[in-house]
Structure formats: structure tokens, C-alpha cells
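The residues making up each chain are set out below.
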Amino acid sequence: MRSKFLLLFLLLTIPGFSQYDASRDQNKVVDFKDVLAEVSIFPSEKRVKGTVDFSFDILQKVDSIFIDAKNMKFEHVIFNGKPVKFHNDSSRLWLISKFRPSEENNLKFSYSVQPKQAMYFINWDFPEKMEIPKQVWTQGQGRNTSNWLPSFDDMREKLVFDLKIKFKSGYDVIANGKLIETKILNDSITQWYYDMDQPMSSYLVGIVAGNYLHKEIESASGIPILLYYNISEENKVEPTYRYSEEIFNFLEKEIGVPYPWQNYKQIPVQDFLYAGMENTGTTFFSNSLMVDSIAFNDRNYVNVNAHELAHQWFGNLITETNGANHWLHEGFATYYALLAEKELFGEDHFYWKLYETAEQLKELSDSGKGEALLKVGAGSLTYYQKGAWALHILKEKLGEEAFRKGVKNYLEKYAFKNVTTDEFLFEMENASGMDLSQFKKDWLLQSAFQGTQALNSLKKSEFITNYLEIAALRELPLSHKSELLSTALDFPVNDYIGLEVVYQIAGEQDAEALKLYKKAFSSGNLYVRQAIALSLQPVPGELKSEFRSLLNDKSYITIENALLKLWMQFPDQAEEFLEKTNDMEGFSNKNIRMLWLVLNLVSPEVNPEHTGDYYKELSGYTREYYPFEVRENTFGYLYQLNAFSDQNLLDLLNATQHHTYKFRDFSRKLLDTLLKEEEYRKSYVALREQIFGRELEFLKTKLNL
């Protein structure tokens, strides 16, 4: 014990060590201006090394300065041309000296690291000769960039980032800013140089490397928009990026402030942690949102596209001061994405989205789990949807002209700075001449959702009023409402009212219900027919022909559900249904193809000579180089079939260590379920010789070894 106190005493007497305070607000004493980072990425080793060159002003006398840097090694730390004493505590690089107020200081050093998070290496454990997509991508997410690049976890510290990135030749490297130069350094390494001209928070730095092509378009204001795609997905470019130019032009006009960055790039990546991330000028999004023309009708990139683009103003141009103001990012991006969708898809779509989220927020509030928008650590539903609702109500209160003026003033006043909610409200009060203290109390400080205000707003929509009238019939017997439901199905059918009608007759099988179903089928409305595919169970023989026609619809959700129900209820025609769908894959998770394989496997009378091939194909989709959506879907089917091979069991164990937490958690729960059965416990014990590292340690804990 005495030696520990002695060590502490010695540390505290080192010049400068007295101010080693991890909670110190460095932002007030040092102002970092810009950085040139030359980064080399070694994907096979999952390693990064580089040199960084910071310039900064020292505002007050101080005896230590830090850079956030997780688990890094440093060499050649030079301050203003001379070596400087430094300390590395595995979380920060500390410079130790008697620093005095001064301008244009320079800090340069070399570093290396194997990032534990924030930079992800996809499929580099497999040989180059295997034609498997390989990528590297980053995800800063608030404060994680310092895992691969010495930077700042405090989003109040904004710098101009210029990046020179060295990577294996033959791959494309994309990062924030304008591509200045691509230089071939030798036979195997190429350097990509990206320049930024405005400052941003460190968490918004983004790099992706992979085999990409891109299409370039231009906004009405002349901003280059680069739309990236994997070489094998050219047929998905138009559906995925549909309306990109329109969204950009709309937001720039609606917000009233020019797009603040040099260009705008969008890049799909495999196994992304979220739907999308608004790296400055460089949105990364999940490759699962790359869709063909049929998938576009079911799930598309439009909302994520608009949301991440809106962040380029709300979050990137102006940035929250702290977590209590997070709604200034997510609420604004959600609301402006809704406005963009309103421009594209109409007012009914806009009010339906508001109605859906109002229902969710009211349910949360009624259960006693409502949260204030200004609460630190609130949930996504609060920051995103309640934030969007607050802006919608505020716009109605102030009027469009004053609302737009206030937002414009707010953005221009705090451009490239950090903001608080009170600063936003001040600008809105100035623009409108209104006192917003009650609005703040009701919508920002109150944990309960203001359901009455929301309902009054929704009722301004004739469509919502009509929908609520139909929804109010839910508890009535069909005989008392069939005429009203039939009228609601008159051409042209409103998508959402048509859905409501179909769900109200679900479970009904009498003549009146069959008549309504036939009318719904004949409506030609894709989403009404989809609702039938989802809800009709069992399929009456009188509707067999109509239900079979669903296999022709331009909806993978409809086709998947129709195929399963037709196969279950009309087994004598299974071969016909399977032949009809034998060349369909469906979404990126292969939903239709996997169902097709499974139905063949459990229909031994259909193509029995191919059973082995079908199992081999299905079983192969668990391999770790497939996107996690494909793997998860496969694991689910193999569990239903009780058909795990040894390789599937190894792949499942591998999945328990996946960086995408939802897939990881799914895999861990499935493993727990399998290990309750003695057969699978024995299989894993027998496989131990093939398992290493984290996977082996994890398995040992599960087997209590």
C-alpha cells in the first residue's frame, strides 16, 4: 500500500501532472483549428497507422493539453518543431509543458492502432481469390472516431479535417470533402487525398473503402451529388437513389440556407450498425437499403436519404452542445425528411406518418414511460418522433413564414458552431414576436405527449378525419358496417383507409366478407392487396384464384406471404406455386429465395433429386462473409428445420461476436436455445478443436467449462 501512495505522490509532483483532469473543459483553453491526417489502413491486419498534424491556438495558460486517442501507440511527438514531453494513458495523448497563450501552434506525431470499434473490416479474413466483397468503413457515432484517428470526443471541438488515405490499390476510397488527388505510390498502394474547407466535429469524419462505381448528378444549385454502388448492383441504382435530386433541391429551398459542404456522397456498406449515418457530406447507409424496382414498393431508401441529408444542416452545420439538446439533430432531421416525403408522396402520406408516430408516442406516454425532449439519454422515439412533432406544432403555431425565417436565422447565426435549445427558441421568438415559454413547457419539458394538441392538428387533414371514421367501426359486427366498408373500397382506394378495411374483415369468412375481399382484390391497390396477403387466414376456396394472383404483384412482402399460405392450404398444387417463384430472390436478405428453398425441402415429392442441392444452398448462407440479414434469416429457418450442420454451428458461434449488436444478440439467444438440447451441447464440445480466440472463450462460458 505504501508503494502505491509513493507512486501517486511522484506523479502529482511531475510538472504538469497536477492538471491531468479527464473531465477538464479543454475547449475553453485550447482551440484546435485544423488537422492534416495521413492515414495508412492495413485491412488484413485490422490495423491503422499514420501521422497527424494539428494547428491550434492556446487561449489560456495551461500545463497540459490532450488529444483523445484510444489504445494507440505514439512516436515523434513534436510541438512547434521541438520534441515535447507526453503521456499516453490509453485513452488520451497528454502533452506536458508550460503552455502560454499563443496562436498558430503546431503539433505533429505518428501513431498506430488496432481499433476495437469505430472502424470495421468486412471480409478481409478471406483470400483475395475468393470473390467476396471486401470493405472497410467507419462509424464515429458521437464520440468514437478517436478509436482509429487521434481526434476529439467533445463535439464542441470543431476542426477542418484534410485526409490523405493510403490503401490497397484496386479499391475505391471515399471520405469527407473534395477529392484533390489520387496517387499511385507503388504496385500495391494508392493514396487518396480529400480536402475539407469548413470545420466539423470529429464524430462526423468518415472513410469507406471497397469496390465501388458511382453515378454523378448535380443539384439545382450546382452541388455535385455522387451516388455510389457495388459493382454487382447496377440494377438497383435507379430505384435506390430515386428522388435523390428532388430531395436535395427541396431541402435546400425549404431550409433556406445553401448546402454548406463541397459535395454530397452516399455510399452503401455491408453490415452497417444502423440505417444510415450523416458523416459530413458523406452519408453511409446499410446495403440492405439498396433495392430493385419491386423492393422499392415495400421498403426503400427515400426516408433515410432525406433524413441523413437534413442532418447536413441539423447536426453537421450546427451541432448540439450536449446530450440534453440531441433533439436538435434527430427531431429536425426527422421532421424535414417528413416534409420531403410530403413533397414527393402527398399530404395524406405526411399526415399518416404523423398519425402513426402520435399513436406510438401516446401509448408510451399512457404507460407512464413518456420522456421529455430535453432529457439526457432519452429514447429514439422521443428524440426522433416527438422532436418532429414538436416542430410540426411549432410551425402551426408560428405560421410557415415566421417558422422558416426563424430556422434560417438560427442556422446562419450559429453556422459551424454548437447550439442549445434556448438559442433555437430565442431565434424563433425573434422571428415571430411570440412568447414560446408555454410551448417549451408542453413539448420540450413535459414527459407526457400532448395527445389532444396532436389530434387537433391531425384533424386538419380531411384524409385523417375519414380514416378515423372508418377506424371507429372496428368493434362493430360486420353486418353493421359492411356498406360503409364497401364504400371505402370504391375506386380509387386510399392506401391507408383500404388497409384499415382489410384488417377489419380479417378472420371473417361469411358471404359479406367474401364480397368485400373480392372488391379489395379488384381494387388494384398494391398495399390493399398486400394487406390481404398478410391477414387472410385461412384462404377460402372461393378466393383461391384471386389469392394466387398475388404471386404476380410487385411486392416481395406480398409474394412471400402468398406463397407460404398457398403452399400450406393447397398442397396438391405446391409444385405449381414453387415453379411460379423459382427465380425470385426478394429483398437483400433473400426472403423469397430462402422460403422457396425451405418449402422444397419439406415437400419431398417436389423435385426430390435436388433436395441435397437445396439444403447445401440454404445451409451455405450462414457463412460469415454474407450480410448479417442473410445469415439471420438462414439461422431462423435452420432452427425451424432442426437442420444445423457443424459448419452452421461454427457460423452461429462466430455470429455471437458480430459487431452489429442486434444480430449478435439474436445469435446469442439462438445459441442459448440450442445448448438446452443435449445433442447440440455434444456437437459444440466435439467442435472445440476448431474454435479459437473470443469465440472459444465465449463457448466455454456457455458450456460451463
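See the structure above.
The shown structure was predicted, so the numbers you read here are calculated from the model rather than taken from an experiment.

Student: So what about the sheet that holds strand S17 (residues 212-218)? Which residues, and what values?
Tutor: Strands sit in the order S17-S18-S19-S21-S20 across an open sheet of five strands; the sheet is mixed. The sheet is open, and its two borders are formed by S17 and strand S20 (276-277), each paired with just one other strand. Contacts from helix H4 (residues 302-310) reach strand S19 (264-269), S20 and strand S21 (282-286), with the element oriented near 130 degrees to S19.

Student: Can you tell me about helix H22 (residues 628-641), naming the residues and giving the values?
Tutor: In a regular helix each residue adds 1.5 Å, so 14 residues correspond to 20 Å; H22 covers 20 Å between its end C-alpha atoms and thus fits that length. Listed as buried for H22 are Phe628, Glu629, Val630, Arg631, Thr634, Phe635, Tyr637 and Leu638. The elements touched by buried residues of H22 are S21, helix H18 (556-569), helix H20 (591-601), helix H21 (611-620), helix H23 (646-655) and helix H24 (661-674). Of the residues flanking the end of H22, it is Asn642, one or two places downstream, whose phi is positive at about 55 degrees.

Student: Go over a negative patch on the surface, please, and point to the residues and values.
Tutor: Where like charges cluster on the molecular surface, the negative patch consists of Glu216, Glu218, Glu245 and Glu246. Of all the elements in the fold, those that place two or more residues in the negative patch are S17 and helix H3 (244-255). The residue Glu246 is located in helix H3 in this model.

Student: Give me the lowdown on the pairing of strand S7 (residues 92-99), citing residues and values where you can.
Tutor: A large share of S7 lies buried, amounting to six of its eight residues. Note that strand S3 (residues 62-68) and S7 share six bridges and pair antiparallel. Residue pairing in the sheet places Val62 in a bridge with Phe99 of S7. The sheet contact formed by strand S6 (residues 85-88) and S7 spans four bridges and is antiparallel. The residue of S7 that forms the bridge with Lys85 is Ile96. Here S6 hands over to S7 after three residues, with Ser90 in that stretch at a positive phi of 75 degrees.

Student: Go over the packing of helix H13 (residues 478-488) against helix H15 (residues 511-522) with me, naming the residues and quoting the values.
Tutor: H15 packs onto H13 with a crossing angle of 15 degrees between their chain directions and a minimal axis gap of 10 Å. In terms of orientation, H13 and H15 fall into the roughly parallel class. Judged by the twist between their axes, the crossing of H13 over H15 is left-handed. Counted together, Leu478, Ser482, Leu485, Ser486 and Thr487 of H13 and Glu512, Ala513, Leu516 and Lys519 of H15 form the full contact between these two elements. Of the residues assigned to the contact of H13 with H15, the class counts are four nonpolar, three polar and two charged.

Student: I'd like a rundown of the environment of Lys408, residues and numbers included.
Tutor: For Lys408, the location among the structural elements is in helix H8 (residues 400-413). Put simply, Lys408 and Leu564 are 156 residues apart on the chain and 52 Å apart in space, counted from C-alpha to C-alpha. With residues up to four places along the chain from it excluded, the contact list for Lys408 reads Ile255, Gly256 and Val257. Looking at Lys408, its side chain comes within polar contact range of the side chain of Glu412, at 2.8 Å.

Student: Outline the sheet that holds S3, listing residues and values.
Tutor: What the three strands build is an open sheet, ordered S3-S7-S6; its pairing is antiparallel. At either margin of the open sheet sits one strand with a lone partner, and together these are S3 and S6. If you compare each strand with its neighbour and ignore which way they point, the axes differ by 25 degrees on average.

Student: Mind laying out empty space enclosed by the protein, listing which residues take part and the relevant values?
Tutor: With the rule as written, the count across this model stands at one cavity of 30 Å³ or more. Estimates place the volume of the largest cavity at around 40 Å³. Around the largest cavity, the lining residues are Leu361, Leu364, Ser365, Gly370, Glu371, Thr382, Lys386, Ser447 and Phe449. Elements represented by at least two residues in the lining of the largest cavity include exactly helix H6 (347-366) and helix H7 (380-398). The dominant element in the lining of the largest cavity, judged by the number of residues it contributes, is H6, at three residues. The residue makeup of the lining of the largest cavity, split by class, is three nonpolar, four polar and two charged.

Rules of the game
Residues numbered from 1 in each chain as written. Predicted model: local features only at pLDDT ≥ 70, side-chain atom pairs only at ≥ 80, totals over all residues. Heavy atoms only, no water. Pairing = 2+ DSSP bridges. Helix = DSSP H or I, 4+ residues; strand = E, 2+ residues; numbered from the N terminus. Contact = heavy atoms within 4.5 Å. Axes fitted to C-alpha atoms, helices over the stretch in contact; angles between N-to-C directions. Expected span 1.5 Å × (residues − 1). Buried < 20%, exposed > 50% of the residue type's maximum accessible area, 1.4 Å probe, protein only. Patch = residues over 30% accessible without salt bridge, like charges linked within 9 Å, V, L, I, M, F, W, Y side chains within 5 Å. Areas by Shrake-Rupley, 256 points an atom, 1.4 Å probe, with all protein chains shown as cover. Salt bridge = Lys/Arg side-chain N within 4 Å of Asp/Glu carboxyl O. Lys, Arg positive; Asp, Glu negative; His and termini not counted. Charge placed at Lys NZ, Arg CZ, Asp CG, Glu CD. Parallel < 35°, antiparallel > 145°, perpendicular 65-115°, else oblique. Left-handed = near helix turned anticlockwise from the far one by under 90°. Nonpolar A, V, L, I, M, F, W, Y, C, P; charged D, E, K, R; others polar. Polar contact = N/O pair within 3.5 Å; in protein donor to acceptor, adjacent residues only side chain to side chain. 1 Å grid on protein atoms, 1.4 Å probe; cavity = no way out; pocket = protein on both sides within 12 Å on 5 of 7 lines; lining within 4 Å. Points joined across faces, edges and corners; volume = space filled by probe spheres on them.

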